[in-house]
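Spelled out from the first residue to the last, the chains are:
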Amino acid sequence: MVNIKQKQEMIKKGELKAEDNISQFLATIKKKDKSIKAFLYVNKNAISDAKAIDKKIKQEKKVGKLAGLAIAVKANISVKGMPSNCASKTLEKYKSAFDADVIEKIKAEDGIIIGITNCDEFGCGASGENSAFGATGNPAAPGKIPGGSSSGSAAAVAGDMCDIALGSDTGGSVRNPASHCGIVGLKPSYGRVSRYGLIDLAMSLDQIGPLCKDVYGTALMIEVISGKSEYDPITFDRPILKYTKFKTPKDIKIGISKVFKELCKDKRIAELIDKTIKKIADNLNVKPKQIRLKYIDLAIQTYYPLVYVEFFSATRKFDGRRYGKKIEDSCGEEVLRRILGGETIGAAEYEGRYYRKSLEVRELIKNDFREAFESVDIILCPTVPSLPHSLGTKLKDPKVMYAYDAFTVPANLAGICAGVIKAGEIEGIPVGLQVMADVFREDLVLSIMKLWEDMGG
Ligand code: GLN
């Protein structure tokens, strides 16, 4: 199979028509997606959009970096004229009136939006089963959950239904499904990518990130969507690195921590990740260094109160007047749990006790990473502490689902960047290695993932 780099060149040279690229994906969607349910909507104009790109190429006009590539977009990111329904009945009939910043950038680079992908309702979940329109399947491990909440985006990539997909990651929603589906995913540093046009789950944690089968495609997409936006005050004017120019840093210091092994429910995952880290370290001829992450075990207890409170406040606009239906009357169980929970813990009688405590522990976790990155460049660890459950399993308690996030939420709480790449398989199920680096060091994350990919990882 051709990789993204080869395909990008073939399209530009006219060796592969954008139209053929798109129609082949549309055919796969038609064939497979009834059972996978990766897409909620397929762009009816995708073929004519592709033809327009082919015409430009024929006329020898300059085309963008994503020319003719098929891009799938999570249902919480606004694409003008398409349903950004967050996989919720609340917004079932809602169509976006504008393009999110990231979509504008993708269109400016001649990427073709192939469709809108399924997800956990409003991004609340880690399995893809919380969609109001049916659960997504895992093309890499049939019968298992694909992970979430960007379930459809990961499944669309893993199932060969698009070139690159966009997801959003508040506590792991790009990395968790990338891990379970055996693909590459990246959560950018907080402020790297504009959130304008992303429907909030928790605005102090949310970032849009790419999913792809290879590191080049992931890097290409982050290069396109990064940058300061006048519509998103938290975006930074940091130079946009040329992510696609990978260079393995010399004398890179790899950090590892025992705490991940201790918290890993499935010891086979810890072993596989250990082996992977050893191979990478041997290849680089370095010795990993133990770091101390003192508060990581509190990450879930810290994350959820913050998400509940921020989500409660973000959902107040869904009162049934301006957009869709009243959320409390139309949403699913997990969304309602967060709204009611967020209202309760944010209420005056608790004096912000839980929320304030969470903010304090968030600082401690940030500090853990700040100290760690004084002595190491990257941290390598598992992505999810256990293997994905079988689709449709009735989980006893929401905490079982929340536990999937133990190793991904720390990066969101600290605002750092983190990527995921397949380390190997256990019982035929993909397991992802997580690569974390300090704020705005996506170049390091991508270079290490590229190294592992080139090693045959
Ligand atoms: N699983 C986490 C949650 O349910 C993460 C969600 C996300 O990153 N969107 O909140």
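Residues numbered from 1 in each chain as written. Predicted model: local features only at pLDDT ≥ 70, side-chain atom pairs only at ≥ 80, totals over all residues. Heavy atoms only, no water.

Colleague: Is there a simple way to explain the site of the ligand in this structure?
Modeller: In the region of the ligand, 15 residues are neighbours, and Thr170, Gly171, Ser173, Tyr303 and Arg338 sit closest. Ser173 places a side-chain nitrogen or oxygen 2.6 Å from an oxygen atom of the ligand. Alone, the ligand offers 290 Å² of accessible surface; in the complex the protein occludes 99% of this. If you map the ligand onto the pockets, it falls in the largest cavity. (Near = heavy atom within 4 Å. Polar contact = N/O pair within 3.5 Å; in protein donor to acceptor, adjacent residues only side chain to side chain. Areas by Shrake-Rupley, 256 points an atom, 1.4 Å probe, with all protein chains shown as cover. 1 Å grid on protein atoms, 1.4 Å probe; cavity = no way out; pocket = protein on both sides within 12 Å on 5 of 7 lines; lining within 4 Å. Sits in = over half its atoms within 2 Å of the grid points.)

Colleague: Could you clarify how one ought to interpret the environment of Lys245 in this entry?
Modeller: Along the chain, Lys245 falls in the loop between α7 (215–225) and β7 (254–256). A residue is classified by how much of its surface remains accessible, and Lys245, at 60% relative accessible area, is exposed. Sequence separation between Lys245 and Leu220 is 25 residues; the distance between their C-alpha atoms is 9.8 Å. (Helix = DSSP H or I, 4+ residues; strand = E, 2+ residues; numbered from the N terminus. Buried < 20%, exposed > 50% of the residue type's maximum accessible area, 1.4 Å probe, protein only.)

Colleague: Hey, could you run me through the packing of helix α1 (residues 4–13) against α7 in this one?
Modeller: Helices that pack against each other are described as a pair by the angle of their axes relative to one another and the distance between those axes. Relative orientation of the contacting elements α1 and α7 amounts to 65°, with a least axis distance of 7 Å. On α7, the residues that touch Ile4, Lys5 and Gln8 of α1 are Tyr216, Gly217 and Leu220. Here the residues of the contact of α1 with α7 are counted per class, giving three nonpolar, two polar and one charged. (Axes fitted to C-alpha atoms, helices over the stretch in contact; angles between N-to-C directions. Contact = heavy atoms within 4.5 Å. Nonpolar A, V, L, I, M, F, W, Y, C, P; charged D, E, K, R; others polar.)

Colleague: Would you take a moment to explain empty space enclosed by the protein for this structure?
Modeller: A water-sized probe rolled over the atoms picks out the places where empty space is left. Tallied over the entire structure, the rule returns three cavities of 30 Å³ or more. In this structure, the largest cavity occupies an estimated 80 Å³ of space. Every residue lining the largest cavity is counted, 14 residues in all, and those nearest its centre are Gly125, Ser173, Tyr303, Tyr304 and Asp405. Looking at the lining of the largest cavity residue by residue, the class counts come to four nonpolar, eight polar and two charged. (Points joined across faces, edges and corners; volume = space filled by probe spheres on them.)

Colleague: Please explain the packing of aromatic side chains as it appears in this structure.
Modeller: The geometry of an aromatic ring pair is captured by the separation of the ring centres together with the interplanar angle, meaning the angle of the planes. Within this structure, the stated rule accounts for 12 aromatic pairs. A ring pair is formed by Phe98 and Tyr196, whose centres lie 5.3 Å apart and whose planes are at 40°; its orientation type is tilted. In this pair, Phe98 is assigned in the loop between β2 (70–74) and α4 (101–108) and Tyr196 in the loop between β5 (184–187) and β6 (207–212), connecting sequence segments 98 residues apart. For Tyr196, a relative accessible area of 29% puts it in the partly exposed group. For the ring pair Phe236 and Phe440, a centre distance of 5.6 Å and an interplane angle of 70° mean the geometry is edge-to-face. Residue Phe236 is found in the loop between α7 and β7, and its partner Phe440 is found in the loop between β11 (429–437) and α16 (442–454); the two are separated by 204 residues along the sequence. Classification of Phe236 as partly exposed rests on a relative accessible area of 44%. Phe440 sits in the buried class, given a relative accessible area of 7%. (Phe/Tyr/Trp six-rings, centres within 6.5 Å; stacked < 30°, edge-to-face > 60°.)

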